[in-house]
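Residue strings, one per chain:
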Amino acid sequence: MAAGKSEELFNRAIDCIPGGVNSPVRAFGAIGDTPRFMQEAKGSRIYDVDGNSYIDYIDSWGPCILGHNDERIRDAVVEAAGRGLSFGCATEIEVEMAEFICEHIPSIEMVRMVNSGTEAVMSALRVARGFTGREKVIKFAGCYHGHSDAMLVSAGSGVMTSGVPDSAGVTPGCAKDTMTAIYNDLGSVERLLEENPDQVAAVIVEPVGANMGVVLPDEGFLQGLRSLCDKHKALLVFDEVITGFRLGFTGAQGLYGVTPDLTTYGKIIGAGMPVGAYGGRKEVMEMVAPAGPVYQAGTLSGNPIAMAAGLTQLKILQSSPEIYQKLSDMGDRLYGKMEELIEEKQLPCHMNHIQSLGCLFFTGEPVTDYASAKTADTAKYASYFKHMLNAGIHLAPAQFEAMFLSAAHTQEDLDATIKAVQEYFA
């Protein structure tokens, strides 16, 4: 496919934007190509500046559950914009959004709007520390919780009792209270809790890992985390930036029947607009200023345009449970066909998936945690990615990201995608 204008824009961008992109996930360096610059999206398709059309499986990294540029959401945004873009003051619609979330998510009694998933996680962990009076936090290797300093900790495959900065500019002091456990290994969590008695404020986890590819929790893993947190009086924080309102309306916590103390959300509650939120039990959330002593603020939090977009999408999803059934059925067809192909040709690959989330790993080893995910052959993924892009299939330009289905994808989209996969492995 032609990419002349994208290449021209990238050459301009690298002179004024670090790496030529405003987020590393948009970079094509890992697959040895030039980022495609997009200018329009509708339904299941996205269009670049060179006039190429792609079936999109990024969905703005998850939040476009109804597809791109849904007219109902667009109309709500246009109407809200007509009243003003930003006030920096309290508005009715942010109250409506908070009421809606508290009414429909059983674990959330109070919620605070923020501007991104990163901010939601940073704030939730501060609240957990303030509520418990403890300083340490346990995260899992391979789980991504945004780019706040305390979460940019080395994602090694072994248990780490003190954080090692995973980014230049993060001081050892910022990372020292973040401990790293192994996803799907309850023993690694228990050891950290026992070695640090009465010191752990929270255990934070992606209930379904979606930033090391897609990695599902083993049976009993999430329930085990709940029990361990209860035993050691630590808070359990579910990072549902990816899974919230996607794996069913109540997210992973509803799907797996586990109640966290705090939940974080990102752009999914804004239908793709820059927004986030964190919420949980009332006694915990009342620690947040101005109700309590834990300070957190945001001039643009609860922005009326983002609230209009998000509340419109959430109301559609809540009133239309058949959307989730459609997403699950499409996932079974697309990812199931890919699994069949792997088995038929005895390929050294694994297809991890749950409902609308999926990831094709180029490894013969089952992927259950970060260490096994890292056995994937990234060079083979780069070859696969380029083939799919040339076939008009838009995937994440990195092995360790998820595929996202939307309600706008059609049977024809799935058939075209399956055909492209078959042609690659042929």
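Just so it is clear, the structure is predicted and the values come from calculations on it, not from any experiment.

Tallied over the full model, the rule gives 15 aromatic pairs. Measuring from centroid to centroid gives 6.0 Å for F100 and F249, while their planes differ by 85°, and the two rings are edge-to-face. Placement of the pair is F100 in helix α3 (residues 92–104) and F249 in the loop between β8 (235–239) and α8 (251–256), with a sequence separation of 149 residues. F100 gets classed as buried once you look at its relative accessible area, which sits at 9%. Ring geometry for F140 versus F221: centroids 5.7 Å apart, planes at 75°, classification edge-to-face. Taken together, the residues span a long stretch of sequence, with F140 in strand β5 (residues 136–140) and F221 in helix α7 (residues 221–232) at a distance of 81 residues.

Now for the nonpolar core. Side chains that are nonpolar tend, in soluble globular proteins, to be buried together. By size, the foremost hydrophobic cluster in this structure holds 67 residues, and its most contacted members are Y57, M113, F245, L334, L360, Y384 and L395. At the level of elements, β3 (53–56), α2 (71–81), α3, β4 (110–114), α10 (304–319), α11 (322–345), α13 (378–390) and α14 (411–425) are the ones that each hand at least two residues to this core. For Y57, the contacting residues outside a window of four places in its chain are L334, I393, H394, L395, A402, M403, F404, L405, H409, D413, L414 and T417. Grouped together as the second largest cluster of nonpolar side chains are 39 residues, A181, V189, V215 and V258 included.

In this section: the pattern of salt bridges. In this structure the tally under the stated criterion is 13 salt bridges. One salt bridge connects D177 with K136, and the closest N-O pair in it is separated by 3.6 Å. In this pair, D177 sits in the loop between α5 (172–175) and β6 (178–181) while K136 sits in strand β5, placing the two residues 41 residues apart along the sequence. In this structure, D177 and K136 share a single accessibility class: buried. In this structure, K231 engages E190 in a salt bridge whose closest nitrogen and oxygen atoms are separated by 4.0 Å. Of this pair, K231 sits in helix α7 while E190 sits in helix α6 (residues 186–195), and the two are 41 residues apart along the sequence. Overall, K231 belongs to the exposed group, its relative accessible area being 53%. By sharing partners, the salt bridges in this structure join R226, D230, D261, R281 and E283 into a single network.

Thresholds, definitions, all that
- Residues numbered from 1 in each chain as written.
- Predicted model: local features only at pLDDT ≥ 70, side-chain atom pairs only at ≥ 80, totals over all residues.
- Heavy atoms only, no water.
- Phe/Tyr/Trp six-rings, centres within 6.5 Å; stacked < 30°, edge-to-face > 60°.
- Helix = DSSP H or I, 4+ residues; strand = E, 2+ residues; numbered from the N terminus.
- Buried < 20%, exposed > 50% of the residue type's maximum accessible area, 1.4 Å probe, protein only.
- Core = buried A, V, L, I, M, F, W, Y, C linked by side-chain atoms within 4.5 Å.
- Contact = heavy atoms within 4.5 Å.
- Salt bridge = Lys/Arg side-chain N within 4 Å of Asp/Glu carboxyl O.

By themselves, these observations are geometric and do not establish any function.
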